[in-house]
Every structure is written in C-alpha cells, then in structure tokens.
Amino acid sequence: MIRVKLGAKELKVKKGTNLSALFENRNIFAALVDGELVDLSAKLEKSCEVMPVDFSSELGKKIYWHSTAHIMAMAVKSLFPEAKLAIGPAIDQGFYYDFDWKFSTEDLPRIEARMKEIIKKDIPFERLIMKKEAVSEFFNRLNEIYKVELTRDIEDDEVSLYKNGEFVDLCRGPHVPSTGVIKAFKLLSIAGAYWRGDVNKPMLARIYGISFPTKKELDVYLKRLEQAKMRDHRKLGQDLELFSIFEPAGPGLIYWQPKGSIIKRLIEEYWIKEHINAGYQVVSTPHIARKELWQISGHYDYYKENMFTLNVEKEEYILKPMNCPGHILLYKSRLRSYKELPLRYAELGTVYRNELSGTLHGLLRVRGITIDDAHIFCRPDQIEDELCNVLDLAQKILGRYGFEKFQVDLSVRDPKNREKYLGSDEDWQRAEQGLISALKRVGLNYQRKEGEAVFYGPKIDIKLLDAIGREWQTTTIQFDFNLPARFQIEYVDKDGKSKLVTVIHRAIYGSIERFMGCLIEHYAGAFPLWLAPIQIEVMPITSKQNRYAEQVYKRCKRHRLRVKLNDRSDKINYRIREAEVNKVPYILVVGAREVQRKTVSVRKRGRGDMGEMKLKEFFSLIDAEKGGED
RNA sequence: GCCGGGAUAGCUCAGCGGUAGAGCAGGGGUUUUGUAAACCUCAGGUCGGGGGUUCGAAUCCCUUUCCCGGCUCCA
C-alpha cells in the first residue's frame with residue numbers, strides 16, 4: 001500500500017493503482033503528482049501528493065487545448081492523408097497545428113465536422129514510450145519529415161508518443177483521457193507560418209482554434225471576440241474621424257483628422273510638460289541627413305533594408321529611421337564636462353522605416369513613426385539613478401491614462417551566443433545590473449528574457465495589450481554600447497581625461513502612432529474629458545432657445561472647453577443619440593425651463609441626465625474631473 | 001517579404017454571367033421637438049486599377065495596388 005495525499009485527505013491505495021481511480025469528478029482530466037503533470041492513466045507507484053487538474057487552471061486549459069489540437073490533426077490526416085504534420089501546441093488562447101499542406105477557408109467546416117465525429121467516437125489517448133531510433137524510423141516510414149526532425153532534436157533516449165486509434169503523434173503530453181472529453185470547439189483561422197519560425201524554411205499552413213468544456217463558454221468567448229472588434233482602433237478611428245490611411249498616399253502612413261490631431265496634440269503637450277519637469281531638454285532635428293552620418297552610426301550597413309533613401313544633387317541622403325545620430329551631433333557640438341552630465345535630449349521625432357508590408361497594422365505598426373524619443377548621456381555612476389527616473393516617469397505617464405498593469409520584459413544577451421553582441425562583458429554586466437536594480441527600486445515585476453536583447457545592449461520593454469489581447473511594445477529603455485564608440489561621444493572627467501559617455505535610448509509612449517492606437521482601444525473611443533476632441537455639446541430643445549444656447553456655448557468656449565453647438569432642427573432625442581454615439585462626454589440641454597431659470601441640464605456620457613444646474617456649478621464639476629489639466 | 005482570405009455609394013452590406021441595390025450618413029423641404037433614431041424628397045458608383053475570356057463581366061481567368069488574419073520583424 002502507498003499513501004496518497006489528495007487535498008486535505010490522505011488515502012491509502014494499492015501500489016500500481018490507476019490515477020483515474022482517485023477521482024469521481026468527471027471534469028478532472030489530468031493531475032499533478034508531486035508537482036509533475038501526468039495523464040489520468042498514469043499508475044501510482046509510490047506515496048505522493050496528488051493535485052487534480054481541470055479546465056479551471058492555466059495548466060488544465062493548456063492540456064485541454066493541446067488535446068483538441070491532436071484531434072484536429074487527426075481530422076486533417078483523415079481528410080488529407082498527404083498533409084504532413086509539423087507542430088501543434090496550446091497557446092495562451094487556444095491552440096494551433098502546423099501542417100505542410102495547402103488549405104483554403106472552405107476546408108475548415110469539413111475539418112470541424114470530422115473532428116466532431118472523432119469526439120463522438122470517444123477515442124482514448126494512449127501514451128506510448130519508445131526508443132528514439134524506433135520513433136525516428138516510424139515517422140520516416142510515414143514520410144513525416146517534420147516529426148523526424150523533431151525526434152532527432154530530442155535529447156532523451158526515450159520518447160513519448162500519443163496514440164488515438166490509428167493516429168500517432170510525437171508528444172510530451174499529458175492529454176485528456178479520450179477525445180470525448182472535448183465538448184465545444186471552433187476553428188478560427190488559417191495562417192501561414194514558417195517551419196520553426198525561420199524565414200528560410202518552408203512555409204506551413206497553421207490552423208488556429210479554441211475549445212471549452214461547455215458550449216456556453218465557447219459562445220461567451222466568441223461573443224467577447226466579436227465585442228473586442230467593436231473597440232478596434234481602426235474601426236473607431238474611422239467612425240470617430242480620428243485618422244485615415246489612404247491607398248494612393250501609401251501604406252503605413254497616417255493622416256490625422258482634426259479630432260485625432262487634438263488628442264495627439266494633448267498627449268504630446270502632456271509629454272513635453274512631464275519631460276521638462278523631469279529635467280529633459282527638448283530638441284528638434286531634421287528628417288534627412290547625408291548617408292555619411294548613417295555610415296558612422298552603422299545603420300547604413302546594418303539597417304539598410306529598412307531605410308528610405310533620397311538622391312539630392314548626386315548625393316545620397318537618408319530619411320531618418322532613428323533620432324539618435326541627430327541627438328549625438330547636438331551633444332558633440334562642443335566639449336562636454338562631467339559636470340554637465342546627465343544630459344537628456346528629448347524629441348518627438350518622426351522617423352520613417354520601410355517595414356515589411358505584411359506587418360503593417362493600423363496605427364500599431366506604421367512606416368512613419370513619431371518616436372517620443374530621448375537620449376540620456378551620462379557617466380557610469382549615474383546609470384542607476386537615470387534608469388529609476390525613466391521608470392518612474394514611464395509609470396507616471398502611463399498611469400495618467402489608466403495603464404497600471406503592463407508586462408515588463410528585461411531583455412538580455414543569449415549566454416550561448418555572446419559573439420553576436422557588441423560591448424564588453426563588463427559593459428553588459430554593469431548595464432544589466434543597473435536595469436535590475438532600477439526595476440527593483442521602483443518595484444516593478446519583470447520577466448527576464450535571454451537572447452531578446454538587441455546587439456548593441458540590454459533593454460527593458462513595457463508592453464500594452466490591444467482589444468484582442470495582442471501585445472504591443474511601447475515603453476523601451478535601451479543601453480547602447482555601439483554609438484558612443486562609433487561617434488566618439490566623450491566627456492572630460494574630473495581627472496581631465498576624455499571618457500566615453502554611456503548612452504541610454506528611451507521612449508515612453510514608444511511611438512505616438514502606436515500609443516494612440518492603444519489608447520483608442522483602451523478607452524474604446526470614449527476618451528476622458530481632458531482628451532475628448534469635443535468635450536461638450538450644447539443643444540437647444542427648440543429653435544426658440546437658440547440664442548440662449550449660443551450664450552452657453554460662448555461661455556464654455558471662454559472657459560477653454562472644446563464645445564460644439566448643435567442647434568439643428570432634429571429632435572433632441574436624435575441629437576443626443578448622435579452625441580452619445582460620438583462619445584461626447586457632456587451634453588448641455590437647454591429648453592424653455594433652463595432659459596427661464598438661467599440653468600443648463602447636464603447629461604453625462606454613459607450615465608444619463610444629471611439634472612439642472614447653473615453653468616458655474618457645471619464648470620466646477622468638470623474642472624475637478626479634468627484633474628487640473630488645461 | 002511569405003501563406004491564406006478580401007476590396008460594390010462617405011459607412012455597413014446585398015447582388016456572384018443578362019439594364020448596379022438597401023439601410024445609415026449627406027443635400028433640400030416639412031416638423032419646434034425634454035434626454036439614444038420624426039416625416040417627405042433628392043443626389044450619390046468606370047463594382048480598387050490594368051489586361052483577358054465571352055454576344056454580354058461587379059460576377060470567370062491573369063496581373064497589380066491596398067486591406068484583413070497570421071509568420072518573420074519591431075516603436
């Protein structure tokens with residue numbers, strides 16, 4: 001007999017008992033045995049602690065989705081026996097499977113139908129352990145070249161496989177006990193994906209899907225996806241007339257409509273104010289420069305595919321893809337003393353990058369990028385304080401928009417591949433140490449990502465999520481071990497000797513375009529009062545109140561509010577609906593009663609009628625809401 | 001850039017070999033309205049561009065531009 005701890009209970013069972021015997025609850029489909037994730041078919045060989053796994057946990061979801069991916073692969077193989085299997089993992093939201101095959105969207109319903117049959121048959125998932133060579137041979141015989149390659153890369157001598165009837169897949173597992181466990185699923189899309197994420201390897205077809213233990217959960221999920229589309233910045237950008245992209249003008253280039261320009265200007269003004277307070281100096285640099293500048297910086301050799309070039313009187317000019325060289329020229333315009341450091345140059349600099357056409361995406365990925373850039377030139381002993389200041393500033397600025405939770409990544413070198421990177425070990429260690437202690441000092445949790453650093457230095461990135469949960473990098477703080485040496489950026493130290501400065505690149509919004517995109521989705525177009533393009537709409541109920549309405553309108557204007565007078569002859573209900581659809585924060589309705597009592601009726605967006613008040617009262621109400629911003 | 005799917009009025013979409021349609025938005029009128037859609041009327045399109053097949057193409061084929069979902073890349 002062995003002892004099994006199961007939650008608060010302790011059971012005594014026979015050695016070799018099937019794990020599934022412990023659970024009556026049919027929703028449990030896997031378990032953690034002493035922390036190791038296993039199938040329910042696993043046998044208990046020694047005393048241990050068992051934790052049931054169902055769909056409620058992250059682990060459970062992954063197993064459930066992964067099993068669904070296997071079922072999809074089974075369906076695909078039975079419909080298209082020639083399709084070759086690649087990989088099929090669970091992801092954060094669902095699963096995918098890559099096949100070497102050409103699918104069209106019409107295939108999805110057929111695959112779904114076949115999956116339903118497989119689920120109905122309730123075929124068990126059986127775990128097999130085989131010698132690596134035997135597995136390799138097995139897949140070779142089936143002409144599953146990708147599986148052969150995967151098997152070859154496994155370090156263990158023994159390999160696990162999962163078998164459902166005739167279908168066998170290389171897999172670490174675990175899985176749900178049988179196909180019937182999957183109750184509700186949906187295949188969502190087909191997309192291309194390079195084998196092993198490598199551009200030089202074959203392009204495979206990836207099918208994405210999702211599954212849930214109940215139809216209801218699936219429906220809720222699909223409905224949420226549908227609703228998320230309603231806050232897509234591209235849709236809202238058009239509906240609310242914030243920005244446009246024009247085909248004849250070129251892809252990835254943003255034309256800001258008047259309303260979008262108001263918001264853009266406000267977030268820029270706020271940014272400038274905070275940066276001046278934080279000791280930055282605002283500078284401005286041209287959009288083009290001779291190619292020599294980019295040869296010195298190294299961009300001409302290493303960033304060429306991304307740069308737009310111009311011919312000017314037989315000379316080559318480059319449309320700037322980055323602001324750094326410009327800021328460096330400003331720094332180098334005279335000798336710098338250690339006493340001047342840190343020197344912080346900030347610029348809302350628009351750069352142009354020839355991003356791959358297939359990657360362009362609304363405001364979130366464009367070719368004309370306004371970076372809220374700054375370069376900090378400092379001494380090594382100032383690094384940590386400077387980093388803390390940047391992180392504090394980032395939190396303050398992002399917090400102003402209600403972004404309080406975000407993902408923070410610390411990207412460092414790939415330890416196995418040190419030759420790839422510029423700079424000494426000492427540089428990297430000091431920089432990384434500085435980044436870590438700064439993160440700790442300001443109390444930010446972060447994920448360490450090895451191999452994610454750029455070649456010239458380690459960095460911290462902050463990522464925001466869009467409406468459907470995709471991550472977009474905004475804030476970035478990067479060390480640069482490349483440019484100081486290339487440009488000989490120096491300062492005269494206490495001892496009279498010239499020394500290389502440390503350069504930190506940093507952006508907080510990341511780019512104005514991307515940040516605007518994130519903001520639109522974050523607020524679902526309902527901008528807070530201080531950002532709303534139109535803050536107030538004044539509406540007389542009938543034309544008899546037009547004069548009074550105009551007085552109200554003028555007083556609002558004088559109070560420096562962005563106000564619109566809507567005295568069209570449409571019914572008041574119609575105009576109110578229109579303003580609500582346009583997400584105007586406040587409506588002031590004036591009818592005969594308000595004229596008589598010298599008041600306004602206030603209606604707040606999303607909340608409805610707040611009743612009558614004096615205009616003065618209304619002003620103090622919204623002044624408080626604006627939070628002191630003007 | 002690569003794979004798959006798209007593009008019809010300002011917007012959302014129907015039409016899918018036989019005379020280009022609807023709703024909303026827009027113009028003109030009527031209505032004078034009390035907190036999310038009053039009524040009438042008018043106008044609006046080389047069906048993304050180019051080429052082809054056909055007696056005839058929005059519809060079928062090729063090509064090109066752009067968009068969407070991914071991959072890769074990145075602010």
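Everything numeric here is computed off the predicted structure, so don't read it as measured data.

Draft legend 1. Inspection of the overall build of chain A at higher detail. The helix and strand inventory of chain A stands at 18 helices and 35 strands. By residue count, 50% of the 630 residues in chain A fall in the buried class. On chain A, roughly 32,000 Å² of surface is accessible, and the fraction owed to carbon and sulfur atoms is 49%. Here chain A contributes 103 positively and 90 negatively charged side chains, and the mean placements of these two sets differ by 5 Å.

Draft legend 2. Expanded view of the sheet that holds strand S2 (residues 9-13). Strand order in the open sheet formed by five strands is S2-S1-S7-S4-S5, and the pairing between neighbours is mixed. The sheet is open, and its two edges are formed by S2 and strand S5 (36-39), each paired on a single side. The sheet shows a mean angle of 35° between the axes of neighbouring strands, taken without regard to direction. Across four bridges, the pairing between strand S4 (residues 30-33) and strand S7 (residues 48-53) is antiparallel. Bridge pairing links Ala30 to Val53 in S7. Along the sheet face, helix H1 (residues 58-79) touches S4, S5 and S7 and points at about 65° away from the line of S7.

Draft legend 3. How the structure looks around the sheet that holds strand S30 (residues 502-507). Strand order across the open sheet formed by eight strands is S18-S22-S23-S30-S27-S26-S24-S25, with mixed pairing between neighbours. Strands with a single pairing partner mark the edges of an open sheet, and in this sheet they are strand S18 (281-282) and strand S25 (447-450). In this sheet, S25 lies alongside strand S24 (residues 407-412) in parallel orientation, the contact comprising four bridges. If you follow Leu410 over to S25, its bridge partner there is Arg448. Against the sheet, helix H11 (residues 383-400) contacts strand S22 (343-352), strand S23 (368-378), strand S26 (459-465), strand S27 (471-480) and S30, and its axis sits at roughly 160° relative to S27.

Draft legend 4. View of the environment of Val38. Position of Val38 among the secondary structure elements: in strand S5. Val38 sits 15 residues away from Val53 along the chain, and the two C-alpha atoms are 9.6 Å apart. Not counting residues within four places of it along the chain, the set of residues in contact with Val38 comprises Leu19, Ala30, Ala31, Val33 and Pro174.

Draft legend 5. Geometry of the domain arrangement of chain A. Per the domain assignment, the segments making up chain A are domain 1 (2-53), domain 2 (58-230), domain 3 (277-285 + 323-522) and domain 4 (536-626). Centre-to-centre separation of domain 2 and domain 4, based on C-alpha positions: 57 Å.

Draft legend 6. Quick look at the packing of aromatic side chains. If you walk through the whole model with that rule in mind, you get 32 aromatic pairs. An aromatic cluster is defined as three or more aromatic residues linked by ring pairs; in this entry it consists of Phe29, Phe55, Tyr64, Trp65, Phe212 and Tyr221. The residue whose ring lies beneath Arg336 is Tyr331, and the NZ or CZ to ring-centre distance is 5.3 Å. Between Arg400 and the ring centre of Trp530, over which it is positioned, the NZ or CZ distance is 4.0 Å.

Draft legend 7. Expanded view of helix H10 (residues 324-331). Here H10 lies mainly inside the structure; six of its eight residues are buried. Regarding H10, the residues found buried are Cys324, Pro325, Gly326, His327, Ile328 and Tyr331.

Draft legend 8. Geometry of the packing of helix H7 (residues 258-277) against H11. Two numbers describe how H7 lies on H11: the axes approach to 11 Å, and their chain directions differ by 150°. On the basis of the axis angle, H7 is roughly antiparallel to H11. Considering only the axes of H7 and H11, their crossing is right-handed. For the pair H7 and H11, contact is made by Tyr270, Trp271, Glu274 and His275 and by Leu393, Lys396, Ile397 and Arg400, respectively. Looking at the contact of H7 with H11, its residues break down into four nonpolar, one polar and three charged.

Draft legend 9. Looking closely at unusual backbone geometry. Pro174 follows Gly173 through a cis peptide bond whose omega is -5°. That bond from Leu341 to Pro342 is cis: its omega, 0°, falls within 30 degrees of zero. The residue Pro342 is located in the loop between H10 and S22 in this model.

Draft legend 10. Representation of the pattern of salt bridges in the model. Scanning the model with the defined rule gives 47 salt bridges in all. Taking the shortest distance from any N to any O, the salt bridge between Arg3 and Glu10 comes out at 3.1 Å. For Arg3, a relative accessible area of 47% corresponds to the partly exposed category. Residue Arg441 is joined to Asp385 by a salt bridge in which the shortest nitrogen-to-oxygen separation is 3.0 Å. In this pair, Arg441 is assigned in helix H12 (residues 425-441) and Asp385 in helix H11, connecting sequence segments 56 residues apart. A relative accessible area of 40% means that Asp385 is categorised as partly exposed.

Draft legend 11. View of the packing of helix H15 (residues 546-558) against helix H18 (residues 615-626). Axis separation between H15 and H18 bottoms out at 12 Å; the angle between their running directions is 35°. The handedness of the crossing between H15 and H18 comes out as right-handed. Along its contact with H15, which presents Val552, Arg555 and Cys556, the element H18 presents Leu615, Lys616 and Phe619. Residues that form the contact of H15 with H18 fall into these classes: four nonpolar, no polar and two charged.

Cut-offs and rules
Residues numbered from 1 in each chain as written. Chains lettered and ligands numbered in written order. Predicted model: local features only at pLDDT ≥ 70, side-chain atom pairs only at ≥ 80, totals over all residues. Heavy atoms only, no water. Helix = DSSP H or I, 4+ residues; strand = E, 2+ residues; numbered from the N terminus. Buried < 20%, exposed > 50% of the residue type's maximum accessible area, 1.4 Å probe, protein only. Areas by Shrake-Rupley, 256 points an atom, 1.4 Å probe, with all protein chains shown as cover. Lys, Arg positive; Asp, Glu negative; His and termini not counted. Charge placed at Lys NZ, Arg CZ, Asp CG, Glu CD. Pairing = 2+ DSSP bridges. Axes fitted to C-alpha atoms, helices over the stretch in contact; angles between N-to-C directions. Contact = heavy atoms within 4.5 Å. Domains from an automatic or database assignment. Phe/Tyr/Trp six-rings, centres within 6.5 Å; stacked < 30°, edge-to-face > 60°. Lys NZ or Arg CZ within 6 Å of the ring centre and 35° of its normal. Parallel < 35°, antiparallel > 145°, perpendicular 65-115°, else oblique. Left-handed = near helix turned anticlockwise from the far one by under 90°. Nonpolar A, V, L, I, M, F, W, Y, C, P; charged D, E, K, R; others polar. Salt bridge = Lys/Arg side-chain N within 4 Å of Asp/Glu carboxyl O.

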